[in-house]
Amino acid sequence: MFQFRWVTRLALAVGMIGALVAAPSLGGSHTLDGAEAMSVQSVPGTWGSAISVLVPSSSPQAATIVFNFYKADGTIALSLPYAGNPVAPGGTAFLFVPNIIGLPPNQTYSAVVSADQQVYATVNLNTMAGTLPQTGETYNGIDATQAATQVFAPTVQRTYHGFTSNIVVQNTVTTPATVNMTIKGIGSLGAVSVTPPPFNIPGYASVTVDMSNYPTLGEGFNGAATINGGSNLIAAIANEYTPLPLVEQVNSLFSSSNTVAASGGASKVFVPSLYNHYHGFFTALIVQNVDTANADVSVAYSNGVVNSTFQGAKALAPGQSHLFFTPNEGIAFGQQVSATITSPNGK
């Protein structure tokens, strides 16, 4: 099985009745019931966050929503029933974390959003006034049903074209978790596999793992991570940031994406849209093997080009990823294409 990361925007996560939505990272603090929020605490500047929870119009009744914010030690910082409860079908509950009374500022929180009906949650991370350049991103709250004992981050970078990653891991249960991470990829030191010391995470709390702290990855590193929570269900997001604007991407300073459990992998994946300088936009497709054995991978583009490099001896190893940069894939300048990714020996 393999997973792919296509664009930095996230698909909506769903919080089911009685479930929690995790928000592993919140600048200024933020949490969703059924979703976890991650942290950007290692990224330069002052950050804040906002949580938006949607009650689907198809919901049979209004939802009662509660936001619980947790400190790094797992103690609860604030339990906040939404002031606008109950939220009608089609309605939204919105919180701007820095404006929450009773939640101490200048801290990073994880959050759990609870609701008695199905909800969808997103978390906005953004720099605050006075931090330049201004930047931000959105990730989806992680439904409790999407938490897993093992999750995969297909994009992990260290000074790769100026970008470095941090991964925020949240423990989604009450008991403490011992989390292990393996990072594989290629950088200035060649192909490497780095295993940081285990991380101890209290219940519902989160830990931020910044790749700048691991020089054994080398410079210009691009790879992937496999994150294991032992017997605990975990959720995670991956952030990529650059501390200064770069000439080639002055408006793309920060991105955030959800990790995926092995159950989110498939032997065939469809990518609706990829660009090679299409109206000035270009893309990169990142494919990660989330299976337990080597996976042959081919990418077939709608213009007839097929990349079958990663077959046989070059098959992707478990946990390994590869970045397919669209302008290098034989796609004509100014063209938009779709792609089909297949792994015949996946699951």
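Keep in mind it's a predicted model, so treat the numbers as computed, not measured.

Attention now moves to the nonpolar core. Formed by 32 residues in total, the largest nonpolar core has its most connected members in Val53, Ile65, Phe67, Phe69 and Leu103. Put simply, the parts of the chain that give this core at least two residues each are strand S4 (47-54), strand S5 (65-70), strand S6 (76-81), strand S7 (92-96), strand S8 (108-115), strand S9 (119-127) and strand S19 (234-241). Excluding its chain neighbours within four sequence positions, the residues that come into contact with Ile65 are Val53, Val55, Leu80, Pro81, Tyr82, Asn85, Val87, Ala93, Val113, Ser114 and Ala115. With 26 residues, the next largest nonpolar core counts Ala153, Val192, Ile201 and Leu217 among its residues.

What follows concerns the environment of Gly187. Turning to its location among the elements, Gly187 is positioned in strand S14 (residues 177-187). Residue class for Gly187 comes out buried when judged on its relative accessible area of 18%. In sequence terms Gly187 and Gln157 are 30 residues apart; their C-alpha atoms lie 9.2 Å from each other. Excluding residues within four positions of it along the chain, Gly187 makes contact with Leu217, Glu219, Gly220 and Phe221.

Let us look at the pairing of strand S18 (residues 221-228). With 7 of 8 residues buried, S18 is to be regarded as a mostly interior element. Bridge analysis of strand S12 (residues 150-158) against S18 gives 7 bridges, and the strand direction is antiparallel. Each bridged residue has a counterpart across the sheet, and for Gln150 the counterpart in S18 is Asn228. Bridge count between S14 and S18: 7 bridges; the pairing is antiparallel. By the bridge assignment, Ile183 is partnered in S18 with Ala225.

Okay, the sheet that holds strand S13 (residues 164-171) next. Across the sheet, 4 strands lie side by side as S17-S13-S19-S20; this open sheet has antiparallel pairing. A single partner strand is all that each edge strand has here, and the edge strands are strand S17 (206-210) and strand S20 (254-258). Each neighbouring strand pair of the sheet contributes to a mean axis angle of 20°, computed without reference to strand direction. As judged from the 8 bridges shared by S13 and S19, these two strands associate in the antiparallel manner. Within S19, the position partnered with Gln170 by the bridge is Ala235.

So, on to the confidence of the model for the protein chain. On average, the protein chain scores 84 in pLDDT, and the residues at 70 or more come to 84%. Here residues 1-20 is a poorly scored stretch, pLDDT under 50, and it has 108 contacts once near neighbours within four places are set aside; other chains count. Confidence drops under a pLDDT of 50 for residues 27-41, and excluding neighbours within four residues, the segment shows 135 contacts in the predicted structure.

Note that Asn289 resides in strand S23 (residues 284-289). Classification of Asn289 by relative accessible area gives buried; the value is 0%. From its side chain, Asn289 meets the backbone oxygen of Ala293 in a polar contact 2.9 Å long.

The next subject is the pairing of strand S10 (residues 136-140). Most of S10 sits out of view: 4 of its 5 residues are buried. Taken together, the 5 bridges between S9 and S10 define a ladder with antiparallel strand orientation. Among the inter-strand pairings, Asn124 is bridged to a residue of S10, identified as Thr138.

This part is about the packing of aromatic side chains. Within the structure shown, the criterion is met by 5 aromatic pairs. Considering the side-chain rings of Tyr275 and Tyr278, the 5.3 Å spacing of their centres and the 20° angle between planes classify their relative orientation as stacked. Exposure remark for Tyr275: the relative accessible area of 24% places this residue in the partly exposed category. Its relative accessible area of 28% is what places Tyr278 among the partly exposed residues. On the basis of an interplanar angle of 80° and a centroid distance of 5.7 Å, the ring pair of Phe310 and Phe324 is categorised as edge-to-face. Pair noted here: Phe310 is in strand S25 (residues 306-310) and Phe324 is in strand S26 (residues 321-325), with a separation of 14 residues, a long-range link.

Next up on the list: unusual backbone geometry. Cis geometry is adopted by the peptide bond preceding Pro86, which originates at Asn85 and carries an omega value of -10°. Among the structural elements, Pro86 can be located in the loop between S6 and S7. Located in the positive-phi region is Thr159, a residue other than glycine, with phi close to 50°. Here Thr159 is to be found in the loop between S12 and S13. Phi at His277 takes a positive value of approximately 55°, unusual for a residue other than glycine. Mapped onto the secondary structure, His277 falls in the loop between strand S22 (268-276) and S23.

Conventions and cut-offs
- Residues numbered from 1 in each chain as written.
- Predicted model: local features only at pLDDT ≥ 70, side-chain atom pairs only at ≥ 80, totals over all residues.
- Heavy atoms only, no water.
- Core = buried A, V, L, I, M, F, W, Y, C linked by side-chain atoms within 4.5 Å.
- Buried < 20%, exposed > 50% of the residue type's maximum accessible area, 1.4 Å probe, protein only.
- Helix = DSSP H or I, 4+ residues; strand = E, 2+ residues; numbered from the N terminus.
- Contact = heavy atoms within 4.5 Å.
- Pairing = 2+ DSSP bridges.
- Axes fitted to C-alpha atoms, helices over the stretch in contact; angles between N-to-C directions.
- pLDDT = per-residue confidence, 0-100.
- Polar contact = N/O pair within 3.5 Å; in protein donor to acceptor, adjacent residues only side chain to side chain.
- Phe/Tyr/Trp six-rings, centres within 6.5 Å; stacked < 30°, edge-to-face > 60°.

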